[in-house]
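The lines below spell out each chain.
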Amino acid sequence: MNRIVLSLGSNMGDRLLNLSSAINLLVEIPCILASKSLVYETSAWGNTGQPAFYNQVVVVLTDHDASSMMANILRIEEQSGRTRKLKWEQRVIDIDILLYNEEVIHSEGLTIPHVHLHERRFVLEPLNEILPMAIHPVLKKTINELLSELTDGGSVEKLKMISPL
């Protein structure tokens, strides 16, 4: 089975429900949900003039290869109501593949590890919660090390409630 680390984000509508629905759709691919972080409220990154996101990192196990998984993710995003018009726009759901096993993949439409993984506090904080010792396969540093070196000053706060997801 392949271990895939995903980042989920939503800043439109019922953000908690959007994350939960996306996880349910991932399980139907099929994937086994191995672990998940708490939900974090985060400031927008890239295009900062939009509502705050809810973000979560999940680890799934599946027999799908990276390309097949990406196709399934795009289908889930579309099924959930995501439309793609502008880069870094508001979205009902955004699902990114952060890591795929320990592999480095560069193909058309797919770069793993995610090209911005090490630059985004909204990804590194929840990822550090569940996989602090995971190694970035290109930078050869742990997630904890990447987080400690991070200069991104974006706002990232765990939700005050226990995550129902």
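Owing to the predicted nature of the structure, the values given are computational and were not obtained by experimental measurement.

Participant: What is the right way to read the pattern of salt bridges from this model?
Facilitator: Opposite charge on two side chains makes pairing possible when the charged atoms of those side chains draw close. Counting across every chain of the model gives five salt bridges. Here Asp94 ties to Arg91 by a salt bridge, and the two come within 3.7 Å at their closest N and O atoms. Across the pair, Arg91 and Asp94 agree in class, each one buried. For Arg120, the salt bridge goes to Asp96, with nearest N and O atoms at 3.9 Å. Within this pair, whereas Arg120 is found in the loop between strand 7 (110-112) and helix 3 (121-130), its partner Asp96 is found in strand 5 (residues 94-100), the two being separated by 24 residues in sequence.

Participant: Help me out: how do you make sense of helix 2 (residues 66-79) in this one?
Facilitator: An α-helical turn contains 3.6 residues, so any two residues separated by three or four positions project in the same direction. For helix 2, built from 14 residues, the straight-helix expectation of 20 Å at 1.5 Å per residue is met to within 8% by its first-to-last C-alpha distance of 20 Å. Restricting attention to buried positions, one finds in helix 2 the residues Ala66, Met69, Met70, Asn72, Ile73, Ile76 and Glu77. End-on, the buried residues of helix 2 take up no more than an arc of 160°, which puts them together on one face. Where helix 2 is buried, its residues touch strand 1 (2-10), helix 1 (15-27), strand 4 (53-62), strand 5, strand 6 (105-107) and strand 7. Among the residues of helix 2, the N-terminal cap falls to Asp65, whose side-chain oxygen and the backbone nitrogen of Ser67 are separated by 3.2 Å. Following helix 2 by one or two positions, Gly81 adopts a phi angle in the positive range, close to 105°.

Participant: What exactly am I supposed to notice about the nonpolar core here?
Facilitator: Inside soluble globular proteins, nonpolar side chains tend to come together where they are buried. Counting residues in each nonpolar core, the largest one holds 28 residues, and the members touching the most others are Leu6, Leu8, Leu26, Met69, Ile73, Ile95 and Ile97. For this core, the secondary structure elements donating two or more residues are strand 1, helix 1, strand 4, helix 2, strand 5 and strand 7. Examining the composition of this core, we find that six residues originate from one element, helix 1, more than from any other. Ignoring any residue separated from it by four or fewer positions in sequence, one finds Leu26 in contact with Leu6, Cys31, Val58, Met69, Ile73 and Ile76. With 18 residues, the next largest nonpolar core counts Val59, Leu124, Leu127 and Val156 among its residues.

Participant: Where do I start with the pairing of strand 4 in this structure?
Facilitator: For a regular strand, side-chain orientation follows a simple rule: the groups alternate between the two sheet faces. For strand 4, the tally of buried residues reaches nine of 10 residues, placing the bulk of the element in the interior. Here nine bridges tie strand 1 to strand 4, and the two strands are oriented antiparallel to one another. Residue pairing in the sheet places Ser10 in a bridge with Tyr54 of strand 4. Judged from the four bridges that link them, strand 2 (residues 32-36) and strand 4 form a sheet pairing that is antiparallel. Across the sheet, the residue bridging to Lys36 is Val58, located in strand 4. Inspection of the sheet shows strand 3 (residues 40-42) paired to strand 4 by three bridges, in the antiparallel sense. Bridge pairing links Glu41 to Tyr54 in strand 4.

Analysis parameters
Residues numbered from 1 in each chain as written. Predicted model: local features only at pLDDT ≥ 70, side-chain atom pairs only at ≥ 80, totals over all residues. Heavy atoms only, no water. Salt bridge = Lys/Arg side-chain N within 4 Å of Asp/Glu carboxyl O. Buried < 20%, exposed > 50% of the residue type's maximum accessible area, 1.4 Å probe, protein only. Helix = DSSP H or I, 4+ residues; strand = E, 2+ residues; numbered from the N terminus. Expected span 1.5 Å × (residues − 1). Arc of directions from axis to C-beta. Contact = heavy atoms within 4.5 Å. Polar contact = N/O pair within 3.5 Å; in protein donor to acceptor, adjacent residues only side chain to side chain. Core = buried A, V, L, I, M, F, W, Y, C linked by side-chain atoms within 4.5 Å. Pairing = 2+ DSSP bridges.

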